[in-house]
Amino acid sequence: MSMPSIKHIKQILLLLFLGAILCSCSQAISVDIRGKLSDNAASEVYLVVEDTQIDTLARAKVGDDNTFHLKGEVAEPRTAFICDDNGNALAVFLAEKAKLELKPQHPSGYMVEGGPINDKYNLILKRISALAEQAMNIDFEKETAQEEYESLTFKHHDAIATAISDNLDNIIGVELFLSYEVRGMTAEDMRVRFGQFSKQMQNLSVMRDFEKYISIFEKIEIGKNFLDAEVESLSGDTMHLKEVCGRGKWVLVDFWATWCEPCLEQMPQLKALYEKYALQGFEILAISLDKEQARWKAYVEQNGLLWLNAIDTDSPQSAAKTYGLQSIPSSFLISPEGKIVARDLDAESLAHELEHIFGGDVH
């Protein structure tokens, strides 16, 4: 499995809901981690976290023997990354006060071990990953395939829920909650689970931020009216979502960025769907989260993106803030009347939605 590049760190940090926190949050945590890379893999490594005054908290030279020793301090235990100077995120781990070690992980990549928090978390991830892999490897030609899939899916969800319930007072529970369990939850379910965590966990900065997100999420659940927001068009003019949504067309509000590989991977399929359904009343409003406008504009032009293109602003009414964006790609399918009818559709799911709406073969 290929490692994500450093330019995709923002996206990965968003898909993790900005990380998680350990129980002893009243004091800073000193991170001490050693490791050995494969031959000539990099000359420097970095300790990177999100939501601090500086993203890179520490750096270390990789020796001639491919070893390194990273030491840094985080304000509170949280999710962190080890990155190298070749643009790779080598590993994600949970910051804790322990002697940690970066070790090779078969068949590729690395894993951080050595502390009680990370060792326990790694075991949990292995269990839930094994269940997910079993589900993916089901032979759907068998008559019992659907039953097997549903059983494994239940076991996967149950394993996550149980692990969270067992770790409501530490970073592991928070991380699993924000990274896995919240997907598919209603705002009410989120509040109930949030309330089960210890007060110490609820008071962590990442959890306080998530509590604010729940208030936003309540307003953008399926069935609610779309929220108006401010974006900037290709020409540099300010425009609002209400100029496009709720005006008689089906609109996909699609958040993306040129540095987001999953976003780019689905562009060809989105283009095909747009070409097929645009004349039938389908529109795409693609909102980029790029910071470099020149790069965004160049990508739009070079790839012939003919739908409505805009870029998010820094204003309090920005689209990303209004919709409480936590990860990309992220999308909202808006009905002609302005109702949110679906969220976070991949290209294949969107194709089936549009087939249902407009009719016709999606292939």
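Predicted, not measured: the structure shown is a model, and the values here were computed from it.

Here is what the cut-offs are and how they apply
- Residues numbered from 1 in each chain as written.
- Predicted model: local features only at pLDDT ≥ 70, side-chain atom pairs only at ≥ 80, totals over all residues.
- Heavy atoms only, no water.
- Axes fitted to C-alpha atoms, helices over the stretch in contact; angles between N-to-C directions.
- Helix = DSSP H or I, 4+ residues; strand = E, 2+ residues; numbered from the N terminus.
- Parallel < 35°, antiparallel > 145°, perpendicular 65-115°, else oblique.
- Left-handed = near helix turned anticlockwise from the far one by under 90°.
- Contact = heavy atoms within 4.5 Å.
- Nonpolar A, V, L, I, M, F, W, Y, C, P; charged D, E, K, R; others polar.
- Pairing = 2+ DSSP bridges.
- Phe/Tyr/Trp six-rings, centres within 6.5 Å; stacked < 30°, edge-to-face > 60°.
- Buried < 20%, exposed > 50% of the residue type's maximum accessible area, 1.4 Å probe, protein only.
- Disulfide = S-S within 2.5 Å.

A. Just the packing of helix H3 (residues 145-165) against helix H4 (residues 171-181), in detail. Packing of H3 against H4 leaves a shortest axis separation of 8 Å and a crossing angle of 150°. As summarised for this structure, H3 and H4 are arranged roughly antiparallel, according to the angle between their axes. Judged by the twist between their axes, the crossing of H3 over H4 is left-handed. The residues of H4 that touch H3, namely those facing Ile160, Ala161, Ala163 and Ile164, are Gly173, Leu176, Phe177, Tyr180 and Glu181. Each residue belonging to the contact of H3 with H4 can be placed in one class, and the counts come to seven nonpolar, one polar and one charged.

B. The arrangement of the sheet that holds strand E12 (residues 282-288) in detail. Here seven strands make up an open sheet; going across it, the order is E10-E9-E13-E12-E11-E14-E15 and the pairing mixed. Among the strands making up the open sheet, the edge pair consists of strand E10 (238-240) and strand E15 (340-343). Between one strand and the next, the sheet's axes are offset by a mean angle of 30°, whatever the strand orientation.

C. Highlighting the packing of aromatic side chains. Per the stated rule, a full pass over the model turns up eleven aromatic pairs. Seen in terms of ring centroids, tryptophan 256 and tyrosine 299 are 5.5 Å apart; in terms of plane orientation they differ by 50°. Their pairing is tilted. Pair noted here: tryptophan 256 is in strand E11 (residues 250-256) and tyrosine 299 is in helix H10 (residues 293-302), with a separation of 43 residues, a long-range link. Between tyrosine 323 and phenylalanine 332, the aromatic rings sit 4.9 Å apart at their centres with planes inclined by 55°, giving tilted as the arrangement. For tyrosine 323, a relative accessible area of 2% corresponds to the buried category.

D. Representation of the state of the cysteines within the structure. Counted by the stated rule, this structure contains one disulfide. Between the sulfur atoms of cysteine 260 and its disulfide partner cysteine 263 the distance amounts to 2.3 Å. Sign of the S-S torsion, about 75° for the bond between cysteine 260 and cysteine 263, identifies this disulfide as right-handed. The same class applies to cysteine 260 and to cysteine 263, which are both buried.

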